[in-house]
Amino acid sequence: MTNLLKLGIPAGSLQEATAELFRRAGYKITFSSRSYYPTINDDEIECLLIRAQEMARYVENGMLDAGLTGYDWVVENGSDVHEVAELIFSKVSRRPVRWVLCVPEDSPVKTVADLEGKRIATEAVGLTTSYLAKHGVKAHVEFSWGATEVKPPKLVDAIVEVTETGSSLKANNLRIVDEVLQSTTRFIANKAAYADPWKHQKIDDIVLMLQGAMAAEGKVGLMMNVPRDRVKSVLALLPALQQPTISSLSDEAWVDVNTILDESVVRQIIPRLKAAGARGIVEYPLNKVID
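Residues numbered from 1 in each chain as written. Predicted model: local features only at pLDDT ≥ 70, side-chain atom pairs only at ≥ 80, totals over all residues. Heavy atoms only, no water.

Of regular secondary structure, the chain possesses 9 helices and 17 strands. Counting only C-alpha atoms and orienting by the principal axes, one finds that the chain spans roughly 80 × 55 × 35 Å. The proportion of buried residues among the 291 residues of the chain is 45%. Of the contacts formed within the chain by residues at least 6 apart in sequence, a portion of 67% connects residues at least 24 apart. (Helix = DSSP H or I, 4+ residues; strand = E, 2+ residues; numbered from the N terminus. Buried < 20%, exposed > 50% of the residue type's maximum accessible area, 1.4 Å probe, protein only. Contact = heavy atoms within 4.5 Å.)

This next bit is on the sheet that holds strand 1 (residues 5-11). Hydrogen bonds between backbone groups are what pair the strands of a sheet, and the pairing can be parallel or antiparallel. The 5 strands lie next to each other as 4-1-5-12-6, forming an open sheet whose pairing is mixed. Here the strands that pair on one side only, and so sit at the sheet edges, are strand 4 (45-51) and strand 6 (82-87). Mean inter-strand twist for the sheet, computed between neighbouring axes without regard to direction, equals 25 degrees. In this sheet, strand 4 lies alongside strand 1 in parallel orientation, the contact comprising 7 bridges. Residue pairing in the sheet places Ala-11 in a bridge with Arg-51 of strand 4. Across the face of the sheet, helix 2 (residues 52-60) comes into contact with strand 1, strand 4, strand 5 (66-70) and strand 12 (185-189) while running at roughly 130 degrees to strand 4. (Pairing = 2+ DSSP bridges. Axes fitted to C-alpha atoms, helices over the stretch in contact; angles between N-to-C directions.)

This part covers unusual backbone geometry. Cis rather than trans, the peptide bond between Pro-152 and Pro-153 has omega equal to 0 degrees. Relative to the assigned elements, Pro-153 resides in the loop between strand 9 (140-143) and strand 10 (158-163). The phi angle at Ala-147 is positive, at roughly 50 degrees, despite the residue not being glycine. Relative to the assigned elements, Ala-147 resides in the loop between strand 9 and strand 10. Backbone geometry at Asn-173 places phi at a positive 60 degrees, although glycine is not the residue there. Tracing the backbone shows Asn-173 in the loop between helix 5 (167-171) and strand 11 (174-183). Classification of Asn-173 as partly exposed rests on a relative accessible area of 46%.

Let's shift gears to the side chain of Thr-148. Assignment of secondary structure puts Thr-148 in the loop between strand 9 and strand 10. In terms of polar contacts, Thr-148 uses its side chain to reach the side chain of Ser-144, at 2.7 Å. Beyond its immediate stretch of four places on either side in the chain, Thr-148 contacts Ala-121, Ile-159 and Glu-161. (Polar contact = N/O pair within 3.5 Å; in protein donor to acceptor, adjacent residues only side chain to side chain.)

Leu-7, Phe-22, Phe-89, Phe-187, Ile-203, Ile-206 and Leu-210 are the most contacted members of the largest nonpolar core, which has 29 residues in total. Among the elements that take part in this core, helix 7 (residues 197-215) stands out by supplying 6 residues, more than any other. Beyond its immediate sequence surroundings of up to four residues, Leu-210 is in contact with Leu-21, Phe-22, Ala-25, Leu-87 and Phe-187. Of all hydrophobic cores here, the second largest spans 20 residues; its members include Ile-120, Ala-158, Val-160 and Val-180. (Core = buried A, V, L, I, M, F, W, Y, C linked by side-chain atoms within 4.5 Å.)

Here we take up the layout of surface pockets. If you roll a probe as big as a water molecule over the atoms, it shows you where there is empty space left. The space that makes up the second largest pocket amounts to roughly 230 Å³. In terms of residue count, the dominant contributor to the lining of the second largest pocket is helix 3 (residues 71-77) (3 residues). (1 Å grid on protein atoms, 1.4 Å probe; cavity = no way out; pocket = protein on both sides within 12 Å on 5 of 7 lines; lining within 4 Å. Points joined across faces, edges and corners; volume = space filled by probe spheres on them.)

Here the focus is the sheet that holds strand 7 (residues 97-104). In spatial order, the strands read 9-8-10-7-11; together these 5 strands make up an open sheet with mixed pairing. Of all the strands in the sheet, the pair left with one neighbour each is strand 9 and strand 11. Averaged over neighbouring strand pairs, the angle between their axes works out to 25 degrees when direction is ignored. When strand 8 (residues 119-122) meets strand 9, the two strands line up parallel, connected through 4 bridges. Counted as the bridge partner of Ala-121 is Glu-142 from strand 9. Where helix 4 (residues 125-134) meets the sheet, it contacts strand 7, strand 8, strand 9, strand 10 and strand 11, and its direction lies at approximately 165 degrees from that of strand 9.

Given below as structure tokens:
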């Protein structure tokens, strides 16, 4: 029987960001509006599109071998899974998302202790209940089906909500009282599946490629021809991650220099490289040639 890895892809806000990360890692995921089974250009992987909130449960019970979800939902579900890697990416930025305790700007609540006996709305009931217990506070925590930011003060006294930029909270005139949890995306695996040698290796290979794609973000390569007598001058301009690769050319008076650098410095450094004697400069993967 052909080996097959059942991989959960998070639906919703992380869906496109996940697909883009996989694309940069060499995996093409194609979504269909009528199917929850995206296709992927790897015959050894079967994808299932599922909400991040449920992912950890299905990985824990073995319905999925592995999947991507937020650390917050692993905690919320209390799932016993193996965390393979942290992958810091999201729909907006590479910063962690934050679950925060919020009240209206004019609320008298100053600390979590002030919410004793009050009503709190959230999508993360388990997370919030644990947080309150940690602080010795008893309050009524109710599940929110959405539009949580509009509920205080008429429906509830406070909310625990996830935020990345804080713009939605400000727009709804809410004030942060405390941070409940920071969360990033995690690649998780079923413990029994990860104990299987083939699945273990397959999962590790995928994670390695994803981490490589993230590490390469914002980096570009430069290749250029440099006169031998100008090499020191050119190398002095290159803020390389490692020592640049220098190769001989058929013309012994010239060498090829290959290096990696931050994309943000390219436009400043190329004119200086040309002035130092570099020629035939190629920026890749953009395949931009600057002669």
